[in-house]
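Observations on the three-dimensional arrangement
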Amino acid sequence: MALSVREYRARIKSTESMKKITRAMELIAASRIIKAQQRAQSAAPYARELTRAVSAVATYSNVDHPLTREPEESKRAAVLIVTSDRGLAGAYSSSVLKEAERLAERLRGEGKEIDTYIAGRKGEAYYKFRGRPVKHSWNGFSDQPSFEVAHEIGQTLIDTFLDEDGGVDEVHVVFTRFRSMLVQEPTDVRLLPLEVVEGESKPDSAEVLPLYEFEPSPEAVLDGLLPQYVQSRIFFALLQAAASELAARQKAMKSATDNADELIKKYTRIANQARQAGITQEISEIVGGVNALADANAGSE
């Protein structure tokens, strides 16, 4: 019985050590998520104004740009999946991967082949374990993405979209949208051919010239704006994913800390019961020994 008490005390000690680790990770995630939210919020005005600029050019001109041209028949699609580099974030990465699987199933149902692009080590491990091919992958920045990384990813996707030999006909991005500290929503967005959001209805031709004049030309403006637009949307998706990852990690670590508290209480209660049972047994043995000795003395007299 004493060995059982020592065993439970060892478990209590190891659980307390684990609780300290999960508590520290919870606090780190809580401190970093504020900065991640601020980065996402600060990037929103630029993305919004860039969207309006692209919308103005696309609406008030008749330019047929390669990034906005719908193919006659879409046969191949590229899918960028944004996951995390590290674990201990609950179902964050698995939820994104499930959303990507649903998107892939839908695209295959439409008769399209899929080229997979991965951001994050968890996605890389998922596809490597299943022996699935990955066109390109990036990692090491999931909780602190930079615009340089978004620029590289965006340029890679634009190049494969514009490649007429072995390229793709459309590009999708699967990431986690940050709604609140409690809600993070996996979602997919078609990035190319470019669908300009917040577009305005096109006015009569008589109203076009007085409103906008493009220099040096609408084609040149679109050539400069559209790649930046694609890269800014990817950057915004990475920032949303980073905030979602930190929120998911904080929630997971809080649950782990609470579970550790419950385990400590449970092991302490069981250890106390085992200790009391051991004391009771020892008292019973002492009393039994005293009674046996008394009976032996009485018999000898």
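Analysis parameters
Residues numbered from 1 in each chain as written. Predicted model: local features only at pLDDT ≥ 70, side-chain atom pairs only at ≥ 80, totals over all residues. Heavy atoms only, no water. Helix = DSSP H or I, 4+ residues; strand = E, 2+ residues; numbered from the N terminus. Buried < 20%, exposed > 50% of the residue type's maximum accessible area, 1.4 Å probe, protein only. Polar contact = N/O pair within 3.5 Å; in protein donor to acceptor, adjacent residues only side chain to side chain. Contact = heavy atoms within 4.5 Å. Axes fitted to C-alpha atoms, helices over the stretch in contact; angles between N-to-C directions. Parallel < 35°, antiparallel > 145°, perpendicular 65-115°, else oblique. Left-handed = near helix turned anticlockwise from the far one by under 90°. Nonpolar A, V, L, I, M, F, W, Y, C, P; charged D, E, K, R; others polar. Salt bridge = Lys/Arg side-chain N within 4 Å of Asp/Glu carboxyl O. 1 Å grid on protein atoms, 1.4 Å probe; cavity = no way out; pocket = protein on both sides within 12 Å on 5 of 7 lines; lining within 4 Å. Points joined across faces, edges and corners; volume = space filled by probe spheres on them. Phe/Tyr/Trp six-rings, centres within 6.5 Å; stacked < 30°, edge-to-face > 60°. Lys NZ or Arg CZ within 6 Å of the ring centre and 35° of its normal.

Topic: the side chain of Glu170
- You can see Glu170 is positioned in strand β4 (residues 170-178).
- Assessed through its relative accessible area of 5%, Glu170 is described here as buried.
- A polar contact of 2.9 Å, which involves the side chain of Glu170, links it to the side chain of Lys112.
- Those residues within four positions of Glu170 in sequence are excluded, and the remaining contacts are Ser74, Arg76, Ala77, Ala78, Leu107, Lys112, Phe161, Leu192 and Pro193.

Concerning the packing of helix α2 (residues 92-109) against helix α3 (residues 121-129)
- Two elements in contact, α2 and α3, have axes whose closest approach is 10 Å; the angle formed by their N-to-C orientations is 55°. Looking at the two axes, α2 sits oblique to α3. Our pair here, α2 against α3, has a crossing hand that is right-handed. Side by side, α2 and α3 meet where Ser93, Leu97 and Glu101 of the first sit next to Lys122, Gly123, Tyr126 and Tyr127 of the second.
- Residues belonging to the contact of α2 with α3 are distributed by class as follows: three nonpolar, two polar and two charged.

Digging into the pattern of salt bridges
- Counted according to the given criterion, the structure contains 18 salt bridges.
- Between Glu113 and Arg76 there is a salt bridge, with the nearest N and O atoms lying 2.4 Å from each other. A residue pair is termed long-range when its members are at least 10 positions apart, and Glu113 in strand β2 (residues 113-119) and Arg76 in strand β1 (residues 76-82) qualify at 37 residues.
- Residues Asp143 and Arg86 are paired through a salt bridge, measuring 3.6 Å at the closest nitrogen-oxygen approach. Placement of the pair is Asp143 in the loop between β3 (136-138) and α4 (147-162) and Arg86 in the loop between β1 and α2, with a sequence separation of 57 residues.

A closer look at the layout of surface pockets
- Computed from the structure, the second largest pocket encloses a volume of approximately 250 Å³.
- Lining the second largest pocket, in full, are Pro66, Arg69, Glu70, Pro71, Phe161, Leu162, Asp163, Glu164, Val168 and Asp169.
- In the lining of the second largest pocket, the residues fall into five nonpolar, no polar and five charged.

Considerations on the packing of aromatic side chains
- With the rule as written, the count across this model stands at four aromatic pairs.
- Between Tyr126 and Tyr127 the ring centres are 5.5 Å apart and the planes differ by 65°, which places this aromatic pair in the edge-to-face class. Each member of the pair, Tyr126 as well as Tyr127, carries the same accessibility label: buried.
- Sitting above the plane of the Tyr126 ring, Arg130 keeps its charged end 3.8 Å from the centroid.

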